[in-house]
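Fold and contact review
Below, each chain spelled out in residue letters.
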Amino acid sequence: RAKQQGRNRMETYSGTMEEVVRERLAIGSRLRLSLDSMAGFYLLYQPQLDLKSGRLIGAEALIRWTLPDIGSVPPGMFIPLAEEFGMIAPIGEWVLREACRQLKAWSDRFAGGWHLSVNLSVKQLQQPGFVAGVDRIVAESGVDPGRLCFEITETAALLNLESCAQILNELRARGIRIALDDFGTGYSSLLLLKSLPLSIVKIDRSFTHDLLASSATASIVSGIIAMSKGLGMSVIAEGIETEEQLEALGRLGCEGYQGYYESRPLPPDLFERQYLADDPPEDA
Ligand code: C2E
Ligand code: MG
Ligand code: MG
Ligand code: MG
């Protein structure tokens, strides 16, 4: 009987594995078919605010993919697949081009003083010709590179620290800011903080989540903030969902925040109406 149960469990388990593999392959081939037109892809924009003044300091562009038959596939699923199947370069390029187009349209009509953040993938940064591609897109769109910020994750940077540092230095030399995303998770290394030309450190939302319940977390967050400031970087906390979290971060000296408490990621027309509309450019 125990043997029987064991075998059933195995079957259930391998069945599930097979399903996962099949789903990944299916999504992967749909992804490949979508690359030509990029149909069904779009960007949402989540505001980043100054904690003291409530002023807009930035917006993070977040990709979405919706298929007519399947519905929406989260980036946490298809971005890793795109990386694995060698499709991240065209997707990343589309994201940057679309983000730059939108930023240019906004900067023609509204006041500046805030940056647009674009997430860069592990594999994307290390593609040959990546920086030249960025140059081309920036030039074609006519955006001020000083209004752009690239978010990279620690794991991405750690794969090859020296070559990453060199590429990021080239981008920084053009005025593009670099943010270290999800800091504190994965292979957190303090070496990154001194090796990379970072302007912003983003505290991972798992820390925000545990902040009120765990004094250890509060100490760590307080340390990250002090360290980042000491290195001349600004800090943005991710995943703020409650007023209590926001207040706690304020007490710890955090400067910027982002999260559902302020706003979910928004379609461009709503972002514009809620965060830009009353703010014409200086020379208007
Ligand atoms: P990320 O860059 O750390 O982005 C933050 C994620 O947290 C987003 O999920 C956002 O919607 C979510 N979020 C924001 N505020 C809150 C909150 O208060 N609570 C909770 N629970 N979540 C919050 P999303 O949009 O599903 O993106 C997931 C990840 O996918 C991103 O994490 C990023 O690593 C990747 N990603 C998204 N767009 C792109 C892209 O254009 N290119 C690349 N390479 N990666 C992307
Ligand atoms: Mg990000
Ligand atoms: Mg993040
Ligand atoms: Mg993340």
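Residues numbered from 1 in each chain as written. Chains lettered and ligands numbered in written order. Predicted model: local features only at pLDDT ≥ 70, side-chain atom pairs only at ≥ 80, totals over all residues. Heavy atoms only, no water.

The tally for this structure, following the rule as stated, stands at 12 salt bridges. The closest approach of N and O atoms between Lys202 and Glu60, which form a salt bridge, is 2.9 Å. With Lys202 in strand E7 (residues 200-203) and Glu60 in strand E2 (residues 56-67), this residue pair connects regions lying 142 residues apart in the sequence. For Glu60, a relative accessible area of 4% gives the class buried. Where Asp135 meets Arg174, a salt bridge forms, and the shortest distance between an N and an O atom there is 2.6 Å. Linking Asp135 in helix H4 (residues 130-141) with Arg174 in the loop between helix H6 (161-173) and strand E6 (177-183), this pair joins segments that are 39 residues apart in sequence. (Salt bridge = Lys/Arg side-chain N within 4 Å of Asp/Glu carboxyl O. Helix = DSSP H or I, 4+ residues; strand = E, 2+ residues; numbered from the N terminus. Buried < 20%, exposed > 50% of the residue type's maximum accessible area, 1.4 Å probe, protein only.)

Contact pair H4 / H6: the axes reach a minimum separation of 10 Å and the direction vectors enclose 20 degrees. Between H4 and H6, the crossing angle belongs to the class labelled roughly parallel. In the packing of H4 onto H6, the handedness of the crossing is right-handed. Between H4, through Phe130, Val131 and Val134, and H6, the contact on the second element is made entirely by Ile167, Glu170 and Leu171. (Axes fitted to C-alpha atoms, helices over the stretch in contact; angles between N-to-C directions. Parallel < 35°, antiparallel > 145°, perpendicular 65-115°, else oblique. Left-handed = near helix turned anticlockwise from the far one by under 90°. Contact = heavy atoms within 4.5 Å.)

We now examine helix H10 (residues 243-251). Within H10 the residues assigned to the buried category are Gln245, Leu246, Ala248 and Leu249. Here the buried residues of H10 occupy an arc of 165 degrees about the axis, which is enough to place them on one side. Of the surrounding elements, those touching the buried residues of H10 are helix H8 (205-210), helix H9 (215-230), strand E8 (234-237) and strand E9 (256-257). Gly253 sits one or two positions beyond H10 and adopts a positive phi of about 90 degrees. (Arc of directions from axis to C-beta.)

Spatial relationships are all this shows, so hold off on functional conclusions.
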